[in-house]
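Results of the structural survey
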Amino acid sequence: MSNKHYKENLLYLILWVVLFLTPFISFALRMANDSNVEFNWQEIFFAWRLFVPFLIVFLIHNFWVAPLLVYKKRSTIYWTTTACIMLAFAAYQCSNRPKEPDREWAERRNHPRHHEKGTPPFDFNDSLRHDTLQPEAKHQRMAPPFKDFHDGPRRGFHGRRHGGPPPFMGQQDIVALIILVLMIGMNLGIKIYFKSADDAERMQELEKKSLEQQLEYLKYQINPHFFMNTLNNIHALVDIDPEEAKHSIVELSKMMRYVLHEGAKSQVSLLKDLEFLRHYIALMRLRYTDKVKISFETPGQLPDRIIPPMLLITFVENAFKHGVSYRRPSFIEVKADAHDNHLVFTCRNSKSEAEHETNGGVGLANTRKRLDLIYGNNYTLLIDEGDDTYSVTLEIPFLTS
């Protein structure tokens, strides 16, 4: 459970604990104001029975229904499920209306005259006998303080008329349904708030990680050793092939311009990033003979889409670092293609005596972290290591600007 989810669930727990403690708080206030009031578990259980259906609906909505809208963006399924839950709750309320506790019995039991010295405690059976023997007194005691404006039957606890059939929904049922709607709205609002806070934190971490990735790249990948070898190769070409030497200098200049200007952005064009790979591979060709077969394939027409900068270079550098053998012929094959709004990138190479960064290594570990931060679970990274070959297949969706 993430820290955000822990805080959210802790907030819900506190709210529900306070809600279930309200009957005790109410009794404490009443007993403080009136010494004749006694604690009554019957009223506590009555209040809890009213709270339990709301708690059950809250748990279902919070852990199973609300994530459909907040995290999975399935609005149709969410609203349909929520409507079904509300209908089921309304049907339950109408068919399982709890009865009020016997308040008259409680009030008469707590009457001061029953606590006077020498007066026996209140006997409920004796009250029934007294009411039976004196119907007129009972009628006077139970008579309403005023008459209705109409001569029809009076309304009971749930707003229905005595003697008539119960309505489908009484006033209490309507109030309970309104409370349910407010509870669901509050739960959804809190979950969206924590989701927004989590997204903001992830974006900050992503920006920080992107900067760290660029620094790691400048420190470990584009290092003085690389420049020294590249410049030595270009120097050797000055006398042999001056035009090729000039072309190599241009390649190096373009690659460094991309690192300095485009690498600081959060999104770059797919065409520019693949062009950066092309310049890098062209410079690396100068270091090897024809025994190392190097290929870089892209389709003739690539869509003008957006991807994170310098995300693919790690796999290519890993191939040059671990895929070239000086004892036997070697190969490096890099391919990029677009399918169904996704980029499919593959890098395949022969294996040298050195081992690849399969699970460890700073470069590959940082790349995995960036993929997790940017795409979550919406990407595929497959690494296949055989006896003589090593291949990487990465499929990522294009970013939206």
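Now for a quick tour of the structure. (Residues numbered from 1 in each chain as written. Predicted model: local features only at pLDDT ≥ 70, side-chain atom pairs only at ≥ 80, totals over all residues. Heavy atoms only, no water.)

With that out of the way, let us pick up the packing of helix α9 (residues 242-262) against helix α10 (residues 270-285). Between α9 and α10, the shortest axis-to-axis distance is 9 Å and the interhelical angle comes to 140°. Here α9 is positioned oblique relative to α10, judged by the angle of their axes. Seen along the crossing, α9 lies across α10 with a hand that is left-handed. Listed contacts from α10 to Ser248, Glu251, Leu252, Lys254, Met255, Tyr258, Val259 and Glu262 of α9 are Lys272, Asp273, Phe276, His279, Tyr280, Ala282 and Leu283. Its residues placed into classes, the contact of α9 with α10 shows eight nonpolar, two polar and five charged. (Axes fitted to C-alpha atoms, helices over the stretch in contact; angles between N-to-C directions. Helix = DSSP H or I, 4+ residues; strand = E, 2+ residues; numbered from the N terminus. Parallel < 35°, antiparallel > 145°, perpendicular 65-115°, else oblique. Left-handed = near helix turned anticlockwise from the far one by under 90°. Contact = heavy atoms within 4.5 Å. Nonpolar A, V, L, I, M, F, W, Y, C, P; charged D, E, K, R; others polar.)

With that out of the way, let us pick up the sheet that holds strand β7 (residues 389-397). Here five strands make up an open sheet; going across it, the order is β2-β4-β5-β7-β6 and the pairing mixed. Strands at the two margins of the open sheet, each flanked by one partner only, are β2 (292-297) and β6 (380-385). Taking each pair of neighbouring strands and ignoring which way they run, the sheet shows an average axis angle of 5°. Pairing analysis gives six bridges linking β6 to β7, with the strands arranged antiparallel. The residue of β7 that forms the bridge with Thr380 is Glu395. This element, α10, spans β2, β4 (330-339) and β5 (342-350) of the sheet and lies at about 165° to β2. Strand contacts of helix α11 (residues 313-322): β2, β4, β5, β6 and β7, with the helix running at about 5° to β5, the strand carrying the most contacts. (Pairing = 2+ DSSP bridges.)

In this section: unusual backbone geometry. Positive phi is not limited to glycine here, since Lys73 has a value of about 60°. Here Lys73 shows up in the loop between α2 (41-70) and α3 (75-95). For Lys73, a relative accessible area of 63% translates into the label exposed. Residue Met310 is not a glycine yet carries a positive backbone phi of 50°. Looking at where Met310 falls in the secondary structure, it is placed in the loop between β3 (306-307) and α11. For Met310, a relative accessible area of 4% translates into the label buried. (Buried < 20%, exposed > 50% of the residue type's maximum accessible area, 1.4 Å probe, protein only.)

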